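# Tertiary structure, described
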Amino acid sequence: MSSPPLSQGFGYGIVLGLGFAFALGMIGTTWALKRYQNEVQTSEMFSTAGRTVRTGLVASAVVSSWTWAATLLQSSGIAYQYGVSGPFWYASGATVQILLFATLAIELKRKAPNAHTFLEVIRARYGAATHITYMVFGLFTNILVTAMLLTGGSAVVNSLTGMPTAAACFLLPVGVVLYTLFGGIKATFLTDYIHTVVILVVILIFSFTTYATSDILGSPGKVYDLLVEAAARHPVAGNAGGSYLTMRSKEGAIFFIINIVGNFGTVFLDNGYYNKAIAASPVSALPGYVLGGLSWFAIPWLAATTMGLACLALENHPSFPTFPERMPDPDVKAGLVLPNAAVAMLGQGGAACTLLLIFMAVTSASSAELIAVSSIFTYDLYQTYFNPAATGKKLIIMSHTMVVAFGVIMAAFSTGLYYAGVSMGYLYLLMGVIVSSAVLPASLTLLWKGQNKWAAMLSPILGLACSLVAWLVTTKRKYGEITVSTSGSNDPMLAGNVVALLSPLIFIPILTLIFGVDNYDYESMQAIRKGDDHDIAAEAHIDLELIPGERAGSNGSESEEMEQKKLEKAAKIARITTVTMTLILLVLWPFPLYGTGYIFSKKFFTGWVSVGIIWLFFSMLCVGVYPLWEGRHAMAHTTKSIWLDITGKMGPPIQGRMEDVQDEKFAEDGEKKLPKGVTTP
């Protein structure tokens with residue numbers, strides 16, 4: 001863009017103003033939850049939310065965590081390059097991991113009900129050496145995801161407002177660090193809900209503008225005609241008929257494979273997704289992840305089908321920022337397709353919507369990464385190897401320290417990547433090469449009792465070595481030199497990603513044959529214990545049993561037996577549901593269109609867009625309306641309690657056991673005025 005459509009002041013206002021607004025909102029919310037719902041920020045509450053989060057919030061948190069800057073920016077860039085196939089390949093290739101992860105989430109809750117991280121499960125089964133190996137892979141995943149969020153987000157902020165990219169890298173995490181610091185994982189669930197609703201609303205604005213109200217576009221038919229003209233000017237190599245309106249796309253299919261492989265690593269090795277599974281109540285984990293995955297599908301599919309194709313349709317119009325030239329390839333890889341389309345259609349309003357959209361995507365996913373990393377350092381490093389007898393207070397201090405430290409380190413690292421010329425698109429393709437070799441052995445830890453510790457420990461390391469060799473050798477052989485540009489091309493990335501994910505299929509059987517089949521009984525996973533938060537509860541003058549997830553009998557034998565029965569049933573449902581949905585999204589829907597080389601007619605394209613819009617409304621119901629319905633009683637109780645408090649009709653709530661009170665009449669009156677749900681023994 002020649003000159004940014006928004007001022008730097010507007011950029012700083014969004015990045016810092018909204019960040020601090022969320023932080024202040026979460027400070028107030030955390031105080032209210034403590035005062036009226038007994039949700040004291042113990043180490044368990046900070047990391048697991050008491051393991052009581054319901055389906056709607058789990059679904060919205062999954063959507064929010066999986067909606068990276070790349071979800072919106074990279075998918076639109078792929079649509080700009082390959083046409084209608086790009087958004088579908090992106091959405092389907094990244095939805096199946098969430099659906100399949102639902103099975104792993106259920107197994108985690110069945111076999112290690114008190115775990116805080118998936119790495120604790122690795123250590124319980126295999127010991128310290130394997131634990132450290134997976135800790136490295138887990139942190140690699142968190143670092144790559146966070147770097148991608150900040151590099152993509154800062155590039156958009158810079159292009160729309162002129163704010164220096166380095167400043168955006170450092171300022172985007174500020175608000176996230178603050179509200180995560182005060183509210184822990186519960187804060188991420190609540191802010192994830194707000195972020196998700198805003199993202200859905202902005203995508204609907206873009207969709208209705210493009211396909212209904214825009215003076216330049218205004219209907220699917222108009223967009224279709226302009227896409228036909230665009231294909232005539234610059235046909236797409238490898239696409240059926242050179243058209244943007246076909247699922248038959250050679251480069252799109254290559255991206256599809258890279259996308260599937262890379263995203264297995266960033267779901268199955270990202271402790272943030274295990275955190276959300278751990279925080280979910282036993283009956284909410286499965287429906288939360290399935291609804292979250294299906295709701296998320298519509299976001300990249302419709303966003304990219306709208307903005308990526310609108311960018312193609314508009315680039316020959318005088319309102320387009322680079323008119324009369326096409327977008328330069330570095331701008332496409334940096335994620336500037338969506339901002340350019342928004343500015344061309346809506347001017348400054350489009351730029352403001354885009355800035356808000358990207359801010360929400362970056363900060364919501366960043367909060368999950370902060371919690372993931374702080375949990376690893378707190379429970380897997382500090383408590384495991386340095387202070388096994390750590391009290392809840394010390395664990396909280398460690399968690400807070402790591403939230404701040406990781407935020408600062410990643411801001412500096414992302415700034416370095418920017419100056420090195422490494423873009424969001426490059427990191428997105430690279431993720432699988434680095435981390436996907438650990439996906440299969442990590443999953444088998446919960447799914448197969450026969451995997452021995454040598455197979456679990458060595459197969460990811462050997463797989464990483466093979467994937468790096470495949471990636472770099474392919475780059476050298478095809479292009480003659482290894483640079484950021486050549487190594488980021490589709491063919492080298494395809495080779496590295498596929499070798500990373502599939503090489504353990506060779507190494508695990510070989511290492512199992514050499515060292516023998518294990519016969520693990522999962523007892524050591526059951527032995528993982530919660531943190532001791534008596535010191536924090538005593539300091540807050542509240543009985544620990546009244547804190548959600550800590551109530552007496554919550555882990556009793558009868559309750560535990562009932563939970564296990566529910567989880568066993570959920571596990572069976574999860575396997576059938578996730579496999580069915582995976583087959584539909586990866587095979588039954590796209591490949592008939594790919595195999596026939598069908599070029600969309602105008603009516604078919606109109607129907608395609610209509611399904612996307614309807615699906616996004618379904619997403620809004622699942623992750624926008626349903627969480628409010630589920631939480632209506634808790635919200636009503638808290639609102640009523642606040643009103644009684646403000647009007648002086650209710651004294652401070654009596655938390656824990658009733659204190660000795662001299663005035664018996666006051667004690668009786670106080671008990672009558674206690675809000676519903678707060679009782680005294």
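Numbers given to residues run from 1 along each chain, matching the order in which its sequence is written. Two thresholds apply to this predicted model, a pLDDT of at least 70 for residue-level local features and 80 or more for giving and counting side-chain atom pairs, whereas whole-chain, interface and lining totals are computed over all residues. Heavy atoms from the whole structure form the basis of all side-chain values; hydrogens and water molecules are not counted.

By the naming in an unreviewed UniProt entry, the protein is Na+/solute symporter, taken from Tuber magnatum. UniProt positions are given in the numbering used here, feature names are shortened, and annotations may be inferred rather than shown by experiment. One UniProt comment on the protein, placed under Sequence similarities (unreviewed entry), says "Belongs to the sodium:solute symporter (SSF) (TC 2.A.21) family."

### Regarding the overall build of the protein
Numbering of helices and strands runs from the N terminus, with a helix taken as a DSSP run of H or I at least four residues long and a strand as a DSSP run of E at least two residues long. For the protein, the count of helices and strands is 29 helices and 0 strands. Looking at the protein residue by residue over its 681 residues, the buried ones come to 61%. Long-range pairs, those at least 24 residues apart, make up 85% of the contacts in the protein between residues at least 6 apart in sequence. A total accessible area of about 25,300 Å² is found for the protein, and carbon and sulfur atoms account for 66% of it. Per-residue accessibility, obtained with a 1.4 Å probe over protein chains only, is compared with the maximum for each type, and a residue is labelled buried under 20%, exposed over 50%, and partly exposed between these values. In what follows, a contact means two residues having at least one pair of non-hydrogen atoms within 4.5 Å. Surface accessibility in these figures is a Shrake-Rupley result with a 1.4 Å probe; residues are shielded only by whichever protein chains are displayed.

### Brief notes about the confidence of the model for the protein
Detailed reading of the predicted model is not advised wherever pLDDT is low. Here pLDDT means the predictor's own confidence in every residue, given as a number from 0 to 100. Here the protein shows a mean pLDDT of 85. Residues at 70 or above account for 89%. No element of the protein has a lower mean pLDDT than helix H29 (residues 664-673), which averages 41, and none a higher one than helix H27 (residues 602-630), which averages 95. The model gives residues 552-556 a pLDDT under 50, and that stretch makes 7 contacts with residues more than four places away or in other chains. For residues 652-681, every residue scores under 50 in pLDDT, and the model assigns this stretch 31 contacts once sequence neighbours within four places are set aside.

### So, the pattern of salt bridges
When a carboxyl oxygen of Asp or Glu lies within 4 Å of a side-chain nitrogen of Lys or Arg, that pair is called a salt bridge. Evaluation of the coordinates by the stated rule reveals 7 salt bridges. Notably, a salt bridge pairs Arg-110 with Glu-107, separated by 3.2 Å at the nearest N-O pair. You can see Arg-110 and its partner Glu-107 sitting in helix H5 (residues 85-111), 3 residues apart, about one turn around the helix. Across the pair, exposure class does not vary: Arg-110 and Glu-107 are buried alike. For Asp-225, the salt bridge is made with Lys-602, and the minimal N-O distance between the two is 3.1 Å. One end of the pair, Asp-225, is in helix H9 (residues 220-233); the other, Lys-602, is in helix H27, and 377 residues separate them in sequence.

### Let's talk about the packing of helix H3 (residues 55-66) against helix H8 (residues 165-213)
Here, axes are lines fitted to C-alpha atoms. For helices the fit covers the stretch in contact, and angles between N-to-C directions go from 0 to 180 degrees. The geometry of H3 relative to H8 is characterised by a closest axis approach of 8 Å and an angle of 70° between their N-to-C directions. Accordingly, the angle class assigned to the pair H3 and H8 is roughly perpendicular. Along this stretch, H3 crosses H8, giving a crossing that reads as left-handed. Contact residues: Leu-57, Val-58, Ser-60, Ala-61, Val-63, Ser-64 and Ser-65 in H3; Phe-189, Leu-190, Asp-192, Tyr-193, His-195 and Thr-196 in H8. Along the lines of polarity and charge, the residues of the contact of H3 with H8 split into 7 nonpolar, 5 polar and 1 charged. Note on angle classes: values under 35 degrees are labelled roughly parallel, values over 145 roughly antiparallel, values of 65 to 115 roughly perpendicular, and the remainder oblique. Definitions for this section: a left-handed crossing has its near helix turned counterclockwise from the far helix by less than a right angle. A right-handed crossing has that turn clockwise. For this scheme, ten residues count as nonpolar: Ala, Val, Leu, Ile, Met, Phe, Trp, Tyr, Cys and Pro. Four count as charged, namely Asp, Glu, Lys and Arg, and the remainder, Gly too, count as polar.

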